[in-house]
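Fold and geometry: a report
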Amino acid sequence: MSSDLISTDVLVIGGGLAGERCAIEAAAAGHKVLILSLVPPRRSHSCAAQGGMQAALGNCVKADGDNPTVHFLDTVRGSDWGADQEVARIFTEEAPVAVRELAHLGVPWTRVRGGKNSYVIKGERVEIEESIENDGLIMHRDFGGTAKWRACYAAAATGHAALYAIDSEVVRLGITVRDRTEAVELIHEGGRCQGAVARCLRTGKHFAVVAKATVIATGGYGRIYGQYTTNATINEGMGAVIALNTGAVPLGNMEAVQFHPTALAPSNILVTEGCRGDGAYLLDKDLNRFMVDAEPEKQELASRDVVSRHMKQRMRDGKGVDTPYGPHLWLDLRHLGEQHLTTKLREVWEICRDFVGLDPARDLIPVQPTQHYSMGGVRVNKDGQAYNMSGLFAAGEAACWDMHGFNRLGGNSLAETVVAGRIVGRRVAEFVADKDFEIQTSVAFAAMKKAERRAAEWLNRTGSGPSVYAIRNAMGETMMGKVGIFRNGEELEEAVAEITHLLAECDKAVLRSRVPGMNPELTFALRLKGMLRLALVTAKGALLRTESRGAHYRSDYPLRNDAEWLSRTLVRWADDEGEPTFSYEPVGEIDLPPGHRGYGSDERIEMRESLEQYNDGVYERQAVHGRLATVEAAGSRLRRGEWKGLV
Amino acid sequence: MTSNEGGAPRRLRFEIFRYNPEDPGSNPQMQTYELDEAPYMSLFIALNQIRETLDPSLQFDFACRSAICGSCGMMVNGRPALGCRTLTSDLPDVIRLHPLPVFKLIGDLSVDTGTWFREMVEKSEAWIHAEEAFDPEAQEARMDDELAQAIYEGERCIECGCCVASCGVANVNEDFTGPAGLNRIARFMMDPRDKRSDADWFEVVSNADGVFGCLGMMACHDVCPKELPLLEVYAYLRRKTLAAAFAGKEE
Amino acid sequence: MPGRTKNLDGFANAASEARRQIYYELASGASGLVLALFMWGHMILVGSILTGERGFNWLAGMLEVYYIAQPTVVVIFTLFLVHAALASRKIPAQLADRRRMIELGKGLANAGRFRPANASEISPMQAHIESRLWIWQVRTGMVILVLGSFHVVLLGLDVLTPLFGEHPGIEALTSVARVKAGLWLPYAILLLCVEFHAGVGLYRLAIKWGAGRLLSRNVLHAIERVLLWFFLGLGVVVLLVLADVLPPPLAFLLTEPAI
Ligand SMILES: Cc1cc2nc3c(=O)[nH]c(=O)nc-3n(C[C@H](O)[C@H](O)[C@H](O)COP(=O)(O)OP(=O)(O)OC[C@H]3O[C@@H](n4cnc5c(N)ncnc54)[C@H](O)[C@@H]3O)c2cc1C
Ligand code: HEM
Ligand code: HEM
Ligand code: SF4
Ligand code: F3S
Ligand code: FES
């Protein structure tokens, strides 16, 4: 076999938490696994997660009485009923195991200190006596939108610690990782995925990896919002793009984009929700704690979509602090004290010092809401198996497994990566074990030729077209300006038009540099079209969804509309087709009926049909949209009605 | 030396090391670019601006741009630093940038730290050596929060390679475990979940590629962007080694 | 399997090799420590010249009569050679490697205005100099090896020959005569090198074994510099007296009261 064709049992695209946890499961089952990653795995964006990981261990006083069912309720309410409730159920039950497993692998979780502890809760300093019995168990901190303290954390570097522990396990198992390698094209035929074509980011050369199973775990794609995101520069969404390009695999809920309330202004570096969890205030320019009036119950700790909207509204009302970079609000950490800031929130303290030269113990921190998380992604069933494409799986932020619906709760996504990694990894291992598979090198080489042609086409194009970076910047402005926190039909239509125009521009864009090797400009150019395609389906999805749900807020349709929109958006768009195709599937079987979330607006349009009617034949209706059969029957792990005693 | 308040922005002169090993026509050389300084301008912002407006072929690595992923170590006027965290306002008008030494050059400012660190992890088996397999049913083993914080202190290393690049020994002895490697070893030695005995560690640490390779140059400690107490780490390893040597003797 | 390390494959017995390594490390550190302490004591002893020839001769005589000087010469010379041998193991053999270290140390020291990571420990905007100091430690060590050997052999003859016949031991007259005749130059160089080398060496030794836990690095560095300048100053005065340029400033202590 030539060096441009590699063969493996399992190909994992993405070396973040989700990809690596998945790889471990498959490798432990004895399969040959290859991981591709844009960067060395430990530099994946999972390492940037600071605040915590939700798991209902119930170890501290403020977590007393917590259990997976309470976590399930919070998750479904957080999702604004957009989640697949069975997946949320599976997730909340498995999360404690996943967190304990990380402890076993070496994560230095912050622990319960038995005896008197001092916390700041809703603006008051409180003394709480933690039981000596629980001394040394994993501690929790408060996060937005939850009934209990539930986020497990390792100071303010939870993702970092988890990723290093998981990656060490990958090294221990001897799993091959090819870093600086980008998957650019899926190899597939007849609804069967056979691997992917990759491009080496050291040499610029393409090669094909044929695999019995392929997992997309490429994380979020916040960079379609240009610089208006907390995401890393590598979060450009190529995982979602290669799936979309097949034309068969749908992406789910692309319009569901989370904006985080507290990104540092103007660089948009994240300041974790853990700050507010630990008692920080949001202030406007008059140093007024506006969240107390806006959300008396949850205050600063309402869910992210709600807090972001209140902040944006506050700034629209002229209560923001004006700067040449636009307005911002303040985050106040001063009352937490230097000791707390330099230990439990140390990373935050460093970020403030290094990037804006401020000391949170003395100064107010300038913050603004910014794109943060992509609830949407490659639509998969509960096994992590992509719709319509056997042998293709997805996990982590890249996937729409759909426990987040239209708004993810803080701390739920780190937990998702390891839980999904465990579960999907197991399914992948089973899939690989019982499927015979014959490599069709011709299909692989055809895909590779296609990818090479794409690169050659960029290099050959001449003229005086626009620069790829100018197009990217324009995309970012459009997305943040018109597909942002508050949306409306008019602006969304403009956004769709502008991005359609940028797509045409992209076909005319010309490289300034033709150096051999990876060529950074070419590397970006090869992603640009895909990013624009993601931007377009996001904008168009938002335009079509004429209601407000979770993070998707339409000023012209401010109510959640369960009568018409209790559904998940699916979009398909082959790379040679002119227009994306949208369709809508039921969110899944509903156990907890739609109601008030406990924060935000209480007004909504009720379902017309009964729950029984909605649930009747729901899985057949999903199958019509391409959902493949699952190993256990769909709905079998829902534990219907178990929440009833708790509400 | 910072940008004069209100006045015209400072004109910055970047002298950047250029070499593309993939290009037979490329020779190692310094290339000069000029930019106007902006408020809060970091090397991340400046380098991207150079790439987008002046020279699209310039190679460098950034990912998180918030000093947490460790991608962007580079020599800034002779000293290793994270590019994303270094503000131009802390630098003179002329800014010389080189790739980190020790690591394999990929092109211009981009070096292969990933391979180096993976080898380090393999060599020192930097993972928990537990005696028992994970039990999904069991409650987590307890740990004192003080100890968890102490382990966390060492765990914070982001593998940026700045310390390695700054260390004279690591620059000339490629088998030296290096500051980050020694730190990682100490982190696992401290962890009660890891069942390797002091005697096991003794063999890894007590040699010229281990802690005794360290000459106490202290550069690692001074350049570490995460402010890891590396000097204390080596002192800890030395004292542990001493204890292990004499404990071993008595056996 | 816990503890299996690929690191030392090839060593027949990794544990005993590791043990040998720690003995080397201890020996080189301890010999450096003893030498450094000796040098300070030595400076005080030679400093007796400040009280005039009588004091110097008396002290030298006592040390010889009670057979303190003779074994000390032997022990110190042995330590001197052991330390030099062990310490030079750490000096890279390749010229290119030494150049690399020199260049690196220089670069770090010249990096200029920079917020060091440990802003709390070292004053902001301070450059890193310890790497360059190490280079100078090697250089001064080399000089000490040559000049120090010569000096110790010379003094060895002074101290040991009386054991075998009617020779005078260390005497102010001979010392002053030879220093004045030209030995002042090598002594001045040696003095500078020794004080620097011993001062920085002790600072480094303290950090290496964890004194940083008790005293901050800033404080240790400050102590090092105070000691360095004190002994350097003292040494210069002593040397000036030995070279007969200055009259012994403390001579009044030993002169009989005028009345
Ligand atoms: C600043 C920040 C803070 C956060 N804090 C929290 C928190 O406190 N709690 C919480 O629960 N969640 C948090 N999140 C969200 C959470 O961190 C992410 O959702 C999660 O880590 C995603 O993990 P992942 O494994 O899916 O993807 P990632 O960790 O992003 O990994 C993606 C991987 O895919 C690779 N890749 C991408 N494209 C390709 C390609 N084309 N070919 C090959 N490889 C590719 C990348 O190299 C990378 O290895 C935070 C997110 C951000 C941005
Ligand atoms: C009176 C003579 C000397 C004194 C007082 C002295 C003192 C010291 C001290 C205290 C140290 C620190 C030890 C450590 O960090 O472990 C040291 C290190 C060193 N010495 Fe000397 N020394 C002397 C002579 C020499 C000579 C002759 C050489 C010849 C080459 C030499 C070369 C070195 C070197 C290279 C080091 C650094 C070793 C290391 O970092 O491990 N020294 N010395
Ligand atoms: C035990 C051994 C030693 C003895 C007995 C000794 C004795 C003396 C004496 C008598 C002098 C006066 C000058 C002379 O007579 O030449 C002197 C000066 C000096 N010695 Fe030594 N010495 C010893 C070891 C060393 C060592 C190991 C070093 C350094 C490596 C050293 C460095 C010096 C210096 C620098 C001076 C000049 C004095 C000054 O400037 O203050 N000596 N020593
Ligand atoms: S120890 Fe510090 S300098 Fe070294 S790799 Fe880790 S974070 Fe970077
Ligand atoms: S720079 Fe190198 S020599 Fe030691 S103190 Fe640091 S490892
Ligand atoms: S870009 Fe991540 S550390 Fe600088």
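Residues numbered from 1 in each chain as written. Chains lettered and ligands numbered in written order. Predicted model: local features only at pLDDT ≥ 70, side-chain atom pairs only at ≥ 80, totals over all residues. Heavy atoms only, no water.

1. Things to note about the overall build of chain C
- Tallying secondary structure elements over chain C gives seven helices and zero strands in all.
- Ordered by position from the N terminus, the helices and strands of chain C form the series α-α-α-α-α-α-α.
- In chain C, buried positions account for 41% of the 259 residues.
- Once local pairs closer than 6 in sequence are excluded, the contacts in chain C between residues at least 24 apart make up 74%. (Helix = DSSP H or I, 4+ residues; strand = E, 2+ residues; numbered from the N terminus. Buried < 20%, exposed > 50% of the residue type's maximum accessible area, 1.4 Å probe, protein only. Contact = heavy atoms within 4.5 Å.)

2. Quick look at the pairing of strand β10 (residues 192–200) of chain A
Residue and element names in this part refer to chain A.
- In terms of residue burial, β10 counts as a mostly covered element, since nine of its nine residues are buried.
- Pairing of β10 with strand β11 (residues 206–216), which is carried by five bridges, proceeds in the antiparallel orientation. Its bridge partner being in β11, Ala-196 is matched across the sheet by Val-209.
- Connecting the antiparallel pair β10 and β11 is a turn made up of five residues, with Gly-204 showing a positive phi of about 85°. (Pairing = 2+ DSSP bridges.)

3. Overview of the state of the cysteines
Residue and element names in this part refer to chain A.
- For the structure shown, the criterion picks out zero disulfides over all chains.
- With no disulfide of its own, Cys-352 lies 7.5 Å from the sulfur of Cys-275, the closest cysteine sulfur.
- Residue classification places Cys-352 among the buried positions, given a relative accessible area of 0%. (Disulfide = S-S within 2.5 Å.)

4. Regarding the domain arrangement of chain B
All names here are of chain B.
- When the domains of chain B are assigned, the result is domain 1 (11–110) and domain 2 (125–250).
- Taken together, the 14 residues of domain 1 in the interface contact 14 residues of domain 2.
- Both faces combined, the contact of domain 1 with domain 2 buries some 1100 Å², and carbon together with sulfur accounts for 67% of it.
- Across the domain 1-domain 2 interface, the total number found is zero salt bridges.
- Per-element accounting of the side of domain 1 that touches domain 2 gives the leading share, four residues, to strand β4 (residues 79–82).
- Classifying every residue of the side of domain 1 that touches domain 2 by side-chain character gives 10 nonpolar, two polar and two charged. (Domains from an automatic or database assignment. Buried area = accessible area lost by both parts, 1.4 Å probe. Salt bridge = Lys/Arg side-chain N within 4 Å of Asp/Glu carboxyl O. Nonpolar A, V, L, I, M, F, W, Y, C, P; charged D, E, K, R; others polar.)

5. Observations regarding the coordination of the iron atom of ligand 3
All names here are of chain C.
- The protein atoms that coordinate the iron atom of ligand 3 are His-42 (NE2) and His-151 (NE2), at distances of 2.0 to 2.2 Å.
- Geometry at the iron atom of ligand 3 is octahedral, judged from the six donor atoms that bind it and their angles of 85 to 178° at the metal. With a gap of 109 residues between them, His-42 in helix α1 (residues 14–46) and His-151 in helix α5 (residues 130–160) connect regions that are remote in the sequence. (Donors = N, O, S within 2.8 Å, 3.2 Å for Na, K, Ca; no water. Tetrahedral: all angles 85-135°; square planar, octahedral: opposite > 155°, others 65-115°.)

6. A few points about the site of ligand 1
Residues and elements named next belong to chain A.
- In the vicinity of ligand 1, 38 residues are found, and the nearest of them are Ser-44, Ser-46, Ala-183, Glu-397 and Leu-414.
- In the model, an oxygen atom of ligand 1 is placed 3.1 Å from a nitrogen or oxygen of the Leu-17 main chain.
- The separation between an oxygen atom of ligand 1 and a polar main-chain atom of Gly-411 is 3.2 Å.
- Broken down by secondary-structure element, the contributors of at least two residues to the shell around ligand 1 are α1 (17–28), β9 (181–189), β16 (365–374) and α11 (412–434).
- Per element, the largest residue contribution to the shell around ligand 1 is four residues, and it comes from α11. (Near = heavy atom within 4 Å. Polar contact = N/O pair within 3.5 Å; in protein donor to acceptor, adjacent residues only side chain to side chain.)

7. Digging into the interface of chain C and chain B
- If you look at the interface, chain C gives 49 residues, while chain B gives 56 residues.
- Between chain C and chain B, the buried area comes to about 4800 Å², and carbon and sulfur atoms account for 60% of it.
- Scanning the region where chain C abuts chain B turns up two salt bridges.
- When residues of the side of chain C that touches chain B are traced back to their parent elements, those giving at least two are α1, α4 (95–110), α5 and α6 (172–208) of chain C.

8. Some words on the sheet that holds strand β6 (residues 140–141) of chain A
Residue and element names in this part refer to chain A.
- If you walk across this open sheet you meet the three strands as β3-β7-β6, and the pairing is antiparallel. A single partner strand is all that each edge strand has here, and the edge strands are β3 (53–54) and β6.
- When β3 meets strand β7 (residues 151–152), the two strands line up antiparallel, connected through two bridges. Among the inter-strand pairings, Gln-54 is bridged to a residue of β7, identified as Ala-151.

9. Observations concerning the packing of aromatic side chains
Residues and elements named next belong to chain A.
- Counted according to the given criterion, the structure contains 14 aromatic pairs over all chains.
- Measuring from centroid to centroid gives 5.5 Å for Tyr-469 and Phe-524, while their planes differ by 15°, and the two rings are stacked. In this pair, Tyr-469 is assigned in helix α13 (residues 468–482) and Phe-524 in helix α15 (residues 520–544), connecting sequence segments 55 residues apart. You'll find Tyr-469 and Phe-524 in the same group, each marked buried.
- Considering the side-chain rings of Trp-565 and Tyr-584, the 5.2 Å spacing of their centres and the 75° angle between planes classify their relative orientation as edge-to-face. A residue pair is termed long-range when its members are at least 10 positions apart, and Trp-565 in the loop between β20 (560–561) and β21 (567–572) and Tyr-584 in strand β22 (residues 581–586) qualify at 19 residues.
- Residue class for Trp-565 comes out buried when judged on its relative accessible area of 12%. (Phe/Tyr/Trp six-rings, centres within 6.5 Å; stacked < 30°, edge-to-face > 60°.)

10. Notes on the interface of chain A and chain B
- Listed per partner, the contact involves 77 residues of chain A and 70 residues of chain B.
- Carbon and sulfur atoms make up 51% of the surface buried where chain A meets chain B, a total of about 5900 Å² over both sides.
- If you sort the residues of chain A by the area they bury against chain B, Arg43(A), His104(A) and Phe355(A) come out on top, with a joint share of 12%.
- Ionic pairing is found between Arg113(A) and Glu146(B), a salt bridge with its closest N-O pair at 3.2 Å.
- Viewed at the interface, chain B and chain A are joined by 41 residue pairs in polar contact (both at pLDDT 80 or more).
- Among the elements that take part in the side of chain A that touches chain B, helix α10 (residues 346–356) of chain A stands out by supplying eight residues, more than any other.
- The residue makeup of the side of chain A that touches chain B, split by class, is 35 nonpolar, 19 polar and 23 charged.

11. Considerations on the packing of α1(C) against α6(C)
All names here are of chain C.
- It is at 10 Å that the axes of α1 and α6 come closest, and there the two elements cross at 135°. If you check the angle between α1 and α6, you find them oblique. The two elements α1 and α6 meet at a crossing, and its hand is left-handed. Judged by residue contacts, Glu-25, Gly-29, Leu-33, Ala-36, Met-39, Trp-40 and Met-43 of α1 engage Leu-191, Val-194, Glu-195, Ala-198, Leu-202, Leu-205 and Lys-208 from α6.
- Of the residues that constitute the contact of α1 with α6, the class distribution is 10 nonpolar, one polar and three charged. (Axes fitted to C-alpha atoms, helices over the stretch in contact; angles between N-to-C directions. Parallel < 35°, antiparallel > 145°, perpendicular 65-115°, else oblique. Left-handed = near helix turned anticlockwise from the far one by under 90°.)

12. A few points about the site of ligand 2
Residue and element names in this part refer to chain C.
- Near ligand 2 lie 22 residues; those nearest to it are His-83, His-197, Gly-201, Leu-205 and Lys-208.
- One nitrogen or oxygen atom from the side chain of Trp-134 is found 3.3 Å from an oxygen atom belonging to ligand 2.
- Within the side chain of Lys-208, one N or O atom sits 3.2 Å away from an oxygen atom of ligand 2.
- Those elements that place two or more of their residues in the shell around ligand 2 are α1, α3 (69–88), α5 and α6.
- Looking at the shell around ligand 2 element by element, the count peaks at six residues for α1.

13. Some remarks on the sheet that holds strand β5 (residues 94–98) of chain B
Residue and element names in this part refer to chain B.
- The five strands are arranged β2-β1-β5-β3-β4 in an open sheet whose pairing can be described as mixed. Lying at the two open borders of the sheet, with one neighbouring strand each, are β2 (29–36) and β4. Recorded for the sheet is a direction-independent mean angle of 35° between the axes of neighbouring strands.
- Strands in contact with helix α1 (residues 43–54) are β1 (11–18), β2, β3 (73–76) and β5; relative to β2, the strand with the most contacts, it is inclined by about 100°.

14. Some words on the side chain of Arg627(A)
Residues and elements named next belong to chain A.
- In this fold, Arg-627 is placed in the segment after α17 (618–624).
- Of the side chains with opposite charge, Glu-585 comes closest to the buried, unpaired Arg-627, at an N-O distance of 6.2 Å.
- A polar contact of 3.1 Å, which involves the side chain of Arg-627, links it to the backbone oxygen of Tyr-619.
- In terms of polar contacts, Arg-627 uses its side chain to reach the side chain of Gln-622, at 3.3 Å. (Lys, Arg positive; Asp, Glu negative; His and termini not counted.)

15. Looking at the nonpolar core
- Formed by 256 residues in total, the largest nonpolar core has its most connected members in Ile216(A), Leu333(A), Phe14(B), Leu47(B) and Leu97(B).
- The element that contributes the greatest number of residues to this core is α15(A), accounting for 14 residues.
- Counting the residues that make up this core, at least three belong to each of domain 1 (11–110) and domain 2 (125–250) of chain B.
- If sequence neighbours within four positions are ignored, Leu97(B) has contacts with Phe14(B), Glu15(B), Ile16(B), Phe17(B), Met30(B), Leu43(B), Leu47(B), Met74(B), Met75(B), Val76(B) and Leu109(B). (Core = buried A, V, L, I, M, F, W, Y, C linked by side-chain atoms within 4.5 Å.)

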